[in-house]
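An overview of the molecular structure
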Amino acid sequence: MAGDEEAGQLLGTTSTGTSEPDTQVASKQGDHKAAKLHPSSLVFVALWGLLDSALAAACGGAVGAWVDRQPRLAAASRMYLLQNICVAASAATALALLLSGARSGMLYWLGLAVTMAAGSASTLGALGSTLSVEREWTKTLCGGDYAALASLNAAMKRIDLTCLIASPLMVGLVMQYAGGPPMVGSTLALLAWNMLAWPPELLLLRRAQRLSPALAADRPPLHAAGGSTESAAGGFASGEGGRGRPRGGPTAWLRRQARPWAVYARQPAAAPALALALLYLTVLSWGTLMTAYLKAEGLPEAELALYRGLGALSGILATLTFPPLHRWLGLVPTGAAAIWLQLACLLCGVVPAVAAAAGASVGSSARVYALVWGLVLSRFGLWSYDLAANQLIQESVDHGSLGAVSGVQGSLQSLLQMLAYLAGVLQPTTQQFPLLMAGSCCVVGVAAVLVTAFSLRSACGRRLPGLQPELVR
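Residues numbered from 1 in each chain as written. Predicted model: local features only at pLDDT ≥ 70, side-chain atom pairs only at ≥ 80, totals over all residues. Heavy atoms only, no water.

The next point concerns empty space enclosed by the protein. Following the criterion strictly, the structure yields four cavities of 30 Å³ or more and no others. Of the pockets and cavities examined, the largest cavity occupies roughly 100 Å³. If you go around the largest cavity, you meet eleven residues; those closest to its centre are E134, R135, N153, K157 and L387. Looking at the lining of the largest cavity, the elements that each hand over two or more residues are α5 (106–142), α6 (146–177) and α16 (364–396). Classifying every residue of the lining of the largest cavity gives two nonpolar, three polar and six charged. (1 Å grid on protein atoms, 1.4 Å probe; cavity = no way out; pocket = protein on both sides within 12 Å on 5 of 7 lines; lining within 4 Å. Points joined across faces, edges and corners; volume = space filled by probe spheres on them. Helix = DSSP H or I, 4+ residues; strand = E, 2+ residues; numbered from the N terminus. Nonpolar A, V, L, I, M, F, W, Y, C, P; charged D, E, K, R; others polar.)

This is the structure:
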């Protein structure tokens, strides 16, 4: 319908970067602020990243449960508001510290703590808005048209990846041409952007809801959905107390926190969802560990930025090819092919480095360029599988538990990402880094085996309850 199509376009304009591999733009901006505020040490950059991931890992399920309990517009608008306010507060505090020139004293340390805490809290707002708009709203808008859902999901992801390319360029232009201290101009721009962004976001969400009767309607009652995840939840989405304030003591509170994880474990798409989470237990991404290793191997900063951009373009290409692949092959086969393609590209990039570490005669340039091109090409498989796995969750989980299941997915991804950084701390030298790369390939191999087993089980007709017949050809 024309109204639904226009509503989908409006949702795309409100899309924000999600906490996924290579897309943590806000976190990287926070890292730059922390480094500038305390340039003599990287400890605060590490602490900021750790706090950011820990908060998402601890609260993802609870945020998803809250989204499930709220009316659609209220949940999305409040999460966008939380994200924008927290980023603005973090930027304002950082700006005050930069202008003051203070680098010690009680007020300095308090300001640094507020900057880090507010920036990390914005992660919960970003997670909540993603769970609401990019998961539940898109599913509702497309109804049972899974081809349309694939196209809409791909468009939302394409916006995120385009922002990954555009935002560093814009920050660089602001830092170069704003005048005055570089970080002051970019921090002021970040503050102004987040203060001004919420009203148009809210207006676009309201217009999308007015244009689509499906979005304007309440979520289906739990008993009407009929999915196995709802019965497994045991009234989970209502918080044991309807849509009001949950009741009970500490034991009841702990049960409510654990229940989203139980729902996640019982969902039909648990295996491919776990495989997606395992892809975060890796050093084979354009993160800080890989950046440090490539610089140590002699790759110039300009080339590093070029290959990072090519990786984003590879991901954008995946968003263009995913909808036709979904139509031709089916959702599960597309996901299985994508994750094996990712593994093949990573192996081509990692094998020369591992062979050199084992004593083989491999030139430094050959190792570096095999690795960066392996990373660039693997982004196509990564983002194709990301789209397939998230759509599997959308199609197989009922509306009343979709936020909780997706929230737990985000928690698992953040937890495994923390473990990857911990591995980097335990194996800190560049000579040991090829071992971490080999281990990352093994983890991707385990994920690929999980997806293949799920695909074969589905193809043999042993589908789990809630899995749509259209997913497998």
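Among the secondary structure elements, N153 is positioned in helix α6. Using a relative accessible area of 8% as the deciding quantity, one classes N153 as buried. At 2.7 Å, the side chain of N153 and the side chain of Q394 are in polar contact. Setting aside anything within four residues of it in sequence, one finds N153 in contact with E134, T138, L387, Q391 and Q394. (Buried < 20%, exposed > 50% of the residue type's maximum accessible area, 1.4 Å probe, protein only. Polar contact = N/O pair within 3.5 Å; in protein donor to acceptor, adjacent residues only side chain to side chain. Contact = heavy atoms within 4.5 Å.)

On to helix α15 (residues 331–357), then. With 27 residues, α15 should cover 39 Å at 1.5 Å per step; its first-to-last C-alpha distance of 39 Å lies within 8% of that length. The largest bend along α15 reaches roughly 35° and is located at V350, with the proline P352 sitting one to four residues downstream. Just downstream of α15, G359 is the residue with a positive phi angle, here 110°. (Expected span 1.5 Å × (residues − 1). Bend = angle between axes of the 7 residues up to and from the residue.)

Right, let's talk about a nonpolar patch on the surface for a bit. Where nonpolar side chains cluster on the molecular surface, the patch consists of M106, L107, L110 and V114 and spans about 450 Å² of accessible area. With respect to the element layout, L110 can be found in helix α5. (Patch = residues over 30% accessible without salt bridge, like charges linked within 9 Å, V, L, I, M, F, W, Y side chains within 5 Å. Areas by Shrake-Rupley, 256 points an atom, 1.4 Å probe, with all protein chains shown as cover. Salt bridge = Lys/Arg side-chain N within 4 Å of Asp/Glu carboxyl O.)

This paragraph deals with the packing of aromatic side chains. Each aromatic ring pair is summarised here by two numbers: the centre-to-centre distance and the angle between the ring planes. Under the defined criterion, the tally for this structure stands at three aromatic pairs. Note on Y293 and F433: the rings are 4.7 Å apart at their centroids and 25° apart in plane angle, and the pair reads as stacked. Of this pair, Y293 sits in helix α13 (residues 288–296) while F433 sits in helix α18 (residues 433–459); the two residues are 140 residues apart in sequence, bridging distant segments of the chain. Residue F433 is classed as buried on the basis of its relative accessible area, which comes to 6%. The interplanar angle of 80° and the centroid separation of 5.5 Å between the aromatic rings of Y307 and W373 together place this pair among those described as edge-to-face. In this pair, Y307 is assigned in helix α14 (residues 301–329) and W373 in helix α16, connecting sequence segments 66 residues apart. (Phe/Tyr/Trp six-rings, centres within 6.5 Å; stacked < 30°, edge-to-face > 60°.)

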